[in-house]
Amino acid sequence: MAAVVDALRAFFAPSTFVIDAENPGDVVARENLLDRAMGPERRRKSSEKLRSGRVPAEGLAFVARDADGHVIATVRLWNVEAGVGREGHAVPALLLGPLAVDPDHEGKGIGGMLMRAAIEEAKNRGHGAVLLVGDAAYYERFGFFASRTQHLVMPGPFERDRFLALELRDNWLEGAAGLIVASGRKLAMPPVRRAA
C-alpha cells in the first residue's frame, strides 16, 4: 500500500524542470547521475563501446534541470554507421543513450520529455534514424521497433529484442545490414609529453 501512496504522491507532486542543452559544467553531475541510475555495469555494455572516446552528435546532448538548476536527467545521441545499404555505402544514423532520470525524480514524465526533445532535434538536424538498446515496452511509444534492426548487429553481446530503431525519414534503414560502428568526432586528447 505504501508503494501505491508514494506513486500517487510522485504523480501529483508539483515538478518543475526544464530541458536544456548539456554543457561542459554538467559532466560530473551527469556521470554521478548515470552511476546512481544505472550502476557501474553500465560501462560494460555494447553501446558503451560505440560511445567510448567519442563526443555526442552535434547539438544532441540534453539534460533536465530542476528548479535549482541541478541535473536530474540526461540523454545523448551519438553518430554511428548502421551497416551498409544496398549500394554498399555506409548508412549514417544516431545511437541514443544512455537515457537516465535521477531515481528521486522518476515517474514525473521527465524521461519522456527528454526523448521527445532529442528525437525532434535529431529530425530538425536532418538525421535519418535513431538506434538504441533498451526496453521495447518503454520505447515503442516513441516509435522504436526491433523490426527495423533485424539485419543489423551491435559490437559485442546484445539482446535482439531490445535492439530498436526509429526512422526519422521514411525507409532510411531499408536494406541496411551489418555491424553498427562509431562514426562521430573523437574526443580531443591533450598532447603527450615525453620525458627528456
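Parameters at a glance
Residues numbered from 1 in each chain as written. Predicted model: local features only at pLDDT ≥ 70, side-chain atom pairs only at ≥ 80, totals over all residues. Heavy atoms only, no water. Buried < 20%, exposed > 50% of the residue type's maximum accessible area, 1.4 Å probe, protein only. Helix = DSSP H or I, 4+ residues; strand = E, 2+ residues; numbered from the N terminus. Pairing = 2+ DSSP bridges. Core = buried A, V, L, I, M, F, W, Y, C linked by side-chain atoms within 4.5 Å. Contact = heavy atoms within 4.5 Å. Salt bridge = Lys/Arg side-chain N within 4 Å of Asp/Glu carboxyl O. pLDDT = per-residue confidence, 0-100. Polar contact = N/O pair within 3.5 Å; in protein donor to acceptor, adjacent residues only side chain to side chain.

**Notes on the pairing of strand 8 (residues 163-167)**
Of all 5 residues in strand 8, 4 are buried, a share of seventy percent or more. Where strand 6 (residues 129-133) meets strand 8, 5 bridges bridge the pair, whose relative direction is antiparallel. Counted as the bridge partner of Val130 is Leu166 from strand 8.

**Some words on unusual backbone geometry**
Each neighbour pair has its own omega, and for Gly97 with Pro98 the value is -10°, a cis peptide bond. Structurally, the position occupied by Pro98 is in the loop between strand 4 (90-96) and strand 5 (100-101).

**Remarks on the nonpolar core**
In this structure, Leu96, Met115, Tyr139 and Phe144 are the most contacted members of the largest nonpolar core, which totals 27 residues. Those elements giving two or more residues to this core turn out to be strand 2 (61-66), strand 3 (71-84), strand 4, helix 4 (110-124), strand 6, helix 5 (136-139) and strand 8. The residues contacting Met115, other than those within four sequence positions of it, are Leu96, Leu99, Tyr139, Phe142 and Phe144. One finds Ala82, Phe163, Ala165 and Leu173 within the second-largest nonpolar core, a separate group that totals 16 residues.

**Quick look at the pattern of salt bridges**
In total, this model carries 12 salt bridges according to the counting rule given. Here Asp20 ties to Arg65 by a salt bridge, and the two come within 2.9 Å at their closest N and O atoms. Within this pair, whereas Asp20 is found in strand 1 (residues 17-21), its partner Arg65 is found in strand 2, the two being separated by 45 residues in sequence. Exposure remark for Asp20: the relative accessible area of 32% places this residue in the partly exposed category. The buried category is assigned to Arg65, whose relative accessible area is 11%. Here Arg162 and Glu159 are joined by a salt bridge, their closest N and O atoms 3.9 Å apart.

**With respect to the pairing of strand 3**
Summarising burial for strand 3: 11 of the 14 residues are buried, a large majority. Judged from the 5 bridges that link them, strand 2 and strand 3 form a sheet pairing that is antiparallel. Of the residues in strand 3, the one forming a bridge with Arg65 is Val71. Linking strand 2 to strand 3, which pair antiparallel, is a turn of 4 residues; within it Gly69 sits at a positive phi near 90°.

**What to know about the confidence of the model for the chain**
Taken residue by residue, the chain gives an average pLDDT of 89. The fraction at 70 or more is 89%. The low-confidence segment residues 2-9 (pLDDT under 50) makes 0 contacts with residues lying over four places distant or belonging to another chain.

**With respect to the side chain of Thr149**
For Thr149, the location among the structural elements is in the loop between helix 5 and strand 7 (152-153). On the basis of relative accessible area, Thr149 is assigned to the buried category, the value being 0%. At a separation of 2.6 Å, a polar atom in the side chain of Thr149 contacts the main-chain carbonyl oxygen of Phe163. Look past the residues within four positions of Thr149 in its chain and what remains in contact with it is Leu131, Arg160, Phe163, Leu164 and Ala165.

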